[in-house]
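Results of the structural survey
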Amino acid sequence: MVNTRSNKKSEPLQAIIKTNDSKQPGGRSVSKKRPHSPGPHERSTSRKPFVSSEESSSGSEDETDYEKIRDKNLHDNELFFASLGIQQAKEALHQAKSSPKTHTHTRRESKAKAVLPRRQSLRIQRLNPDGEALPPLPVPETPFPEHPRLSEGPLEMKKSLVYEDEEKDHEQLVQFMIASNKDDSKVSDNLQFNKMKARKIKVCKDRLFSVAVHPSSTKVIAVAGDKWGQMGFWDVESDYSHHPTVYHPHSRPINHICFPFHDPQKVYSCSYDSTLRCGNFETGMFDLIYSVPEENDDLFRNFDFLDPSTLLLSQFRGDVAVVDTRTKSCKGDQLFMVCDKYLRSVSVHPINKNFFVTAGTDLKVCVWDMRLMKRKGTKPLHILPHARAPNSAYFSPVTGSHILDIAGDDTINHNNQTGRWLTKFRAVWHPTQENVFFVGSMKRPRRIEAFSVDGRLLHEFEDEEVLTSVCSVVQYHPYLPVLVGGNSSGYVFVFM
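Thresholds, definitions, all that
Residues numbered from 1 in each chain as written. Predicted model: local features only at pLDDT ≥ 70, side-chain atom pairs only at ≥ 80, totals over all residues. Heavy atoms only, no water. Helix = DSSP H or I, 4+ residues; strand = E, 2+ residues; numbered from the N terminus. Buried < 20%, exposed > 50% of the residue type's maximum accessible area, 1.4 Å probe, protein only. Contact = heavy atoms within 4.5 Å. Areas by Shrake-Rupley, 256 points an atom, 1.4 Å probe, with all protein chains shown as cover. Core = buried A, V, L, I, M, F, W, Y, C linked by side-chain atoms within 4.5 Å. Pairing = 2+ DSSP bridges. Axes fitted to C-alpha atoms, helices over the stretch in contact; angles between N-to-C directions. Salt bridge = Lys/Arg side-chain N within 4 Å of Asp/Glu carboxyl O.

1. A closer look at the overall build of the protein chain
If you tally the helices and strands in the protein chain, you get three helices and 27 strands. Residues classed as buried in the protein chain amount to 41% of the 496 residues present. Taking as baseline every contact in the protein chain between residues at least 6 positions apart, the subset at least 24 positions apart corresponds to 53%. Total accessible area computed for the protein chain in this model is approximately 30,800 Å², and 51% of it derives from carbon and sulfur atoms.

2. Things to note about the nonpolar core
In terms of nonpolar packing, the biggest core is built from 19 residues, with Phe233, Tyr247 and Phe281 touching the most fellow members. Those elements that place two or more of their residues in this core are α3 (167-180), β4 (221-226), β5 (231-235) and β7 (254-258). Setting aside residues up to four positions removed in sequence, Phe281 forms contacts with Met157, Leu173, Val174, Met177, Ile178, Phe233, Tyr247, Gln265 and Val267.

3. Thoughts on the sheet that holds strand β16 (residues 355-360)
Sheet strands line up and pair through hydrogen bonds in the backbone, either parallel or antiparallel. Read from one edge to the other, the open sheet built from four strands follows the order β15-β16-β17-β18, with strand pairing classed as antiparallel. Of all strands in the sheet, those bounded by a partner on one side alone are β15 (343-348) and β18 (382-385). Along the sheet, successive strands turn relative to each other by an average axial angle of 15°, direction set aside. In this structure, β16 lies alongside strand β17 (residues 364-369), joined through six bridges in antiparallel fashion. In the sheet register, Gly360 faces β17, and the bridge partner there is Lys364.

4. Structural notes on the pairing of strand β11 (residues 300-307)
Of all eight residues in β11, six are buried, a share of seventy percent or more. Examined bridge by bridge, β11 and strand β12 (residues 310-315) share six bridges and lie antiparallel to one another. Among the inter-strand pairings, Phe300 is bridged to a residue of β12, identified as Gln315.

5. Quick word on the pattern of salt bridges
By the definition in use, this model includes 14 salt bridges. For Arg317, the salt bridge is made with Asp297, and the minimal N-O distance between the two is 4.0 Å. Pair noted here: Arg317 is in the loop between β12 and β13 (319-324) and Asp297 is in the loop between β10 (285-291) and β11, with a separation of 20 residues, a long-range link. Residue classification places Arg317 among the partly exposed residues on the basis of a relative accessible area of 36%. Overall, the relative accessible area of 44% leaves Asp297 in the partly exposed class. Asp369 is paired through a salt bridge with Arg371; the nearest N and O atoms lie 3.1 Å apart.

6. Quick notes on the pairing of strand β3 (residues 208-213)
When a strand is regular, its side chains alternate between the sheet's two faces. Most of β3 is tucked away: six of the six residues are buried. Where β3 and β4 come together, five bridges link them in antiparallel fashion. Bridge pairing in β4 links Ser210 to Gly225.

Below you can see the structure in the form of structure tokens.
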């Protein structure tokens, strides 16, 4: 068997004792590595050569010396590392991490800052560039409403004239009105509309909210009320160069004008300025009949007579007022709440004055009994529901057997959608006929239509050269074949 191992002792083992003492000739130390011994789980990759029994005894002595040298090296290394204090530093670091930290917050005392004066420009200080004071600014005047409510009490007609050169026209109008009180007009059954011709003139400055026609059979006087309280009287048969006589009895839209049959020398009007006035041409005054405080912001819509001295007035807030025209208190005798929302019209039955009908924005047309009325909580006798809010509702003028109302649901195949900038349509009865009513139209060419009570179209009043705009409000003469209409530009159209 071949012996591959030398008998000489391995000398390099003694050089491992102290590695820090060996240096190269240049002064640099040479670190000598300790031979690697495999761990308990490591597997040696080199095979040990076969050793005979004779050599084993000498090998054991070598191993004993080797173990001694190794133990001595380990002991010296431990002493060396202990002298460095590495273990003590490690333990101190471990204790520092494991011990809880105690934070001590020290509040800083806030020092009071000196408040400096606010910087302002010379303009804000009212100073000129030289530092001199500028003159004080003018005090602004208190703004007034564009169209303030007129003074309480009666208004003189002459002082209410819009144009200064109309005093002569006013005198002529007064003479006619006084003479009309003795006019014995007779009802005409003539409904022949084909021969009626159209004419027009600008009566008022702004949009018209109401028209009326005087009940005289000797002269045709058309009246219109506009957006800002002007009321114009037009002698239709006069020369076209003759300007209408215009008064200013109200400050807001005049929504209803009426000449009572029992007293045609007077003209009654109600307005959005919360006043009801009577123009008396005998006294030459616009008397205040009824009003509510201006801060209530209530609008008067229309009225109808119970008797020659008492009328019902519809108020926008949902009330119906009973007004005695003979009193001077300008207050209503009674007030009935008939609509939860906004009221638009009231009409009294022509025969039985205990009944009246109202139309409001609560989508209802209601019939009421005056004898059952209370301030609040009264139930109507009958309700006519609508899909959209009705604009007005009126009893038929002779027997009161029909109710004419107009709403946005277009129940008789009539376009009632006037939009925002046009006055809403208000259909009206023929004053002395039970089966005919009139209403404006949105059709082109522009026209005014006449219907029967069964919804049948009777006639269309049109003239492409004269009637060129929508007539939202219309009225028919009680005794003559005269139809009056008004548009949203202040023009009055007459078919006669």
